[in-house]
Amino acid sequence: MTHEAAGVPTTRNDEDRQDNDRPDAPRPAPEAEEAPGAQDAPGTPDASGGADAAAGEADGPEDARPRPEARLARAVQVAEQALIEFEIAVETFRVEVENFSRLHHQKLGPMYTRLDELDALIAEARAARTGDPEDERKAREARAVVMPMPGVEELFHDWIDTDGLSPEAAAMLTEQAVRPPKRVRPSEEARKLYRELARKAHPDLAQDEPERQRRDEFIARVNAAYGRGDVDLLKELVAEWAAGPVQPLTPLSESEELYARLEWLSRRKELLTVLAKELEDGAIGSMLRMAPDDPDQLLEDIAEQLLGEVSRREAELAEMVQ
């Protein structure tokens, strides 16, 4: 069937369309299917081969190596984990020392107190028998161990001075008004520095509100230093104002931040090392290291020894006072 009857000349395209309209007509393949590789010139790699080659170039040996920052970040992560484990170990030992110290005091403290008391009684009995000044001195020292006298400065904080009661203490005890603090008359140099700072840093010279707040805070410090007549501090404030406001810190690069973190971790580890050594070298820590697996038995052994010492001293005292 053609379109010639309608006066339309038959073309190849028309025939193709007519053929394709038949249900059993084969469908033409897409261009890529009609000529697979037909557009590829001889010797030219295809699209997939070119992509594979480009991927191979991108994944070369140089790009496969991790960035220096990645290696540094890994080092920081390892150091952080090691520090955490170290802190846990140090804190665990500190708690053990604290608990053992408490048990030591509860269990053995009364025995130590009894031994000190017996030493004082023995020394006093010896001094009473001999009358020797040296024995009397030793007796006083032994008694002072049992009943230590607090220092005067511990009893009267700021209430006494070289002349006795301080004026403030005397005024309070006699219900008189406390004397006002002595007035300070700033020196000529202090006045000169103050005028210089006031002229330069006065808040009224500010151009905006943040600058006014900065000047207000600075002038408050200047007034306080001038009120005390502190020339050295006023000189420091002059230098500070001349240096200008503190500039915001320049943001650190990734590498700089990682290096700073590593330095902090190192300093923290050094501090923990010192703390751990102090705990180990202390009296309680040394005792714990003697019996780390059974500290309770160590307390029992020490208590038995102390009981023996108490018995010997009691026997000695009994012989001296008969």
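Residues numbered from 1 in each chain as written. Predicted model: local features only at pLDDT ≥ 70, side-chain atom pairs only at ≥ 80, totals over all residues. Heavy atoms only, no water.

### Some remarks on the pattern of salt bridges
As enumerated under the stated definition, the model contains 24 salt bridges in all. Between Arg-195 and Glu-188 there is a salt bridge, and its shortest N-O distance comes to 3.5 Å. The shortest N-O distance in the salt bridge between Asp-281 and Lys-277 comes to 2.9 Å. Pair noted here: Asp-281 and Lys-277 are both in helix H12 (residues 254-281), with a separation of four residues, about one helical turn. (Salt bridge = Lys/Arg side-chain N within 4 Å of Asp/Glu carboxyl O. Helix = DSSP H or I, 4+ residues; strand = E, 2+ residues; numbered from the N terminus.)

### Examining the packing of H12 against helix H13 (residues 283-290)
Relative orientation of the contacting elements H12 and H13 amounts to 75 degrees, with a least axis distance of 4 Å. Overall, the two elements H12 and H13 adopt an arrangement that is roughly perpendicular. Between H12 and H13, the contacting residues are Leu-279, Glu-280 and Asp-281 on the first element and Ala-283, Gly-285, Ser-286 and Arg-289 on the second. Among the residues making up the contact of H12 with H13, the classes are represented as two nonpolar, two polar and three charged. (Axes fitted to C-alpha atoms, helices over the stretch in contact; angles between N-to-C directions. Parallel < 35°, antiparallel > 145°, perpendicular 65-115°, else oblique. Contact = heavy atoms within 4.5 Å. Nonpolar A, V, L, I, M, F, W, Y, C, P; charged D, E, K, R; others polar.)

### Quick word on the packing of aromatic side chains
This model, assessed by the stated rule, comprises two aromatic pairs. Each ring, one from Tyr-194 and one from Tyr-226, has its centre 4.3 Å from the other, and the planes form 15 degrees; the classification is stacked. Of this pair, Tyr-194 sits in helix H9 (residues 188-201) while Tyr-226 sits in helix H10 (residues 209-228), and the two are 32 residues apart along the sequence. A relative accessible area of 25% means that Tyr-194 is categorised as partly exposed. Across the ring face of Phe-86, the terminal group of Lys-269 is positioned such that the distance to the ring centre comes to 5.5 Å. (Phe/Tyr/Trp six-rings, centres within 6.5 Å; stacked < 30°, edge-to-face > 60°. Buried < 20%, exposed > 50% of the residue type's maximum accessible area, 1.4 Å probe, protein only. Lys NZ or Arg CZ within 6 Å of the ring centre and 35° of its normal.)

### A look at helix H14 (residues 295-321)
Compared with the 39 Å implied by 1.5 Å per residue over 27 residues, the 39 Å span of H14 between its first and last C-alpha is a close match. For H14, the complete set of buried residues consists of Leu-298, Leu-299, Ile-302, Ala-303, Leu-306, Val-310, Leu-317 and Met-320. Tucked into the core, H14 has its buried residues touching helix H5 (68-130) and H13. (Expected span 1.5 Å × (residues − 1).)

### As for the confidence of the model for the chain
Low-pLDDT stretches of the model should not have their predicted coordinates read in fine detail. Here the chain averages 74 in pLDDT, while 67% of its residues score no lower than 70. When mean pLDDT is taken per element in the chain, helix H11 (residues 231-243) scores highest with 92 and helix H3 (residues 47-58) scores lowest with 42. Within the model, pLDDT remains below 50 along residues 28-60, and this stretch shows six contacts once partners closer than five positions in the same chain are excluded. Note on residues 149-163: pLDDT is under 50 here. Beyond four places in sequence and across chains, it has 12 contacts. (pLDDT = per-residue confidence, 0-100.)

### What about the nonpolar core?
Counting residues in hydrophobic clusters, the biggest one holds 22 residues, and the most contacted among them are Val-97, Phe-100, Leu-108, Met-287, Leu-298, Ile-302 and Leu-306. Ranked by the residues each element gives to this core, the list is headed by H5, at nine residues. Not counting residues within four places of it along the chain, the set of residues in contact with Ile-302 comprises Leu-108, Tyr-112 and Met-287. If you look at the next biggest cluster of nonpolar residues, it comprises 13 residues, including Phe-218, Val-222, Ala-225 and Trp-241. (Core = buried A, V, L, I, M, F, W, Y, C linked by side-chain atoms within 4.5 Å.)

### What to know about the side chain of His-104
Counting through the fold element by element, His-104 comes out in helix H5. Sequence-distant contacts of His-104, defined by excluding residues within four places in its chain, comprise Gly-109, Tyr-112, Ile-284, Met-287 and Leu-299.

### Considerations on the packing of H5 against H14
Two numbers describe how H5 lies on H14: the axes approach to 10 Å, and their chain directions differ by 15 degrees. The angle between H5 and H14 falls in the class roughly parallel. In this structure, H5 meets H14 at a crossing whose hand is left-handed. In the contact of H5 with H14, the residues fall into 21 nonpolar, one polar and 12 charged. (Left-handed = near helix turned anticlockwise from the far one by under 90°.)

### Describing the layout of surface pockets
Roughly 170 Å³ of internal volume is contained in the largest pocket. Surrounding the largest pocket, Phe-93, Glu-96, Asn-99, Phe-100, Leu-103, Leu-288, Arg-289, Pro-292, Pro-295 and Asp-296 form its lining. Elements with a minimum of two residues in the lining of the largest pocket: H5, H13 and H14. With five residues, H5 is the single largest residue contributor to the lining of the largest pocket. The residue inventory of the lining of the largest pocket, partitioned by class, reads six nonpolar, one polar and three charged. (1 Å grid on protein atoms, 1.4 Å probe; cavity = no way out; pocket = protein on both sides within 12 Å on 5 of 7 lines; lining within 4 Å. Points joined across faces, edges and corners; volume = space filled by probe spheres on them.)

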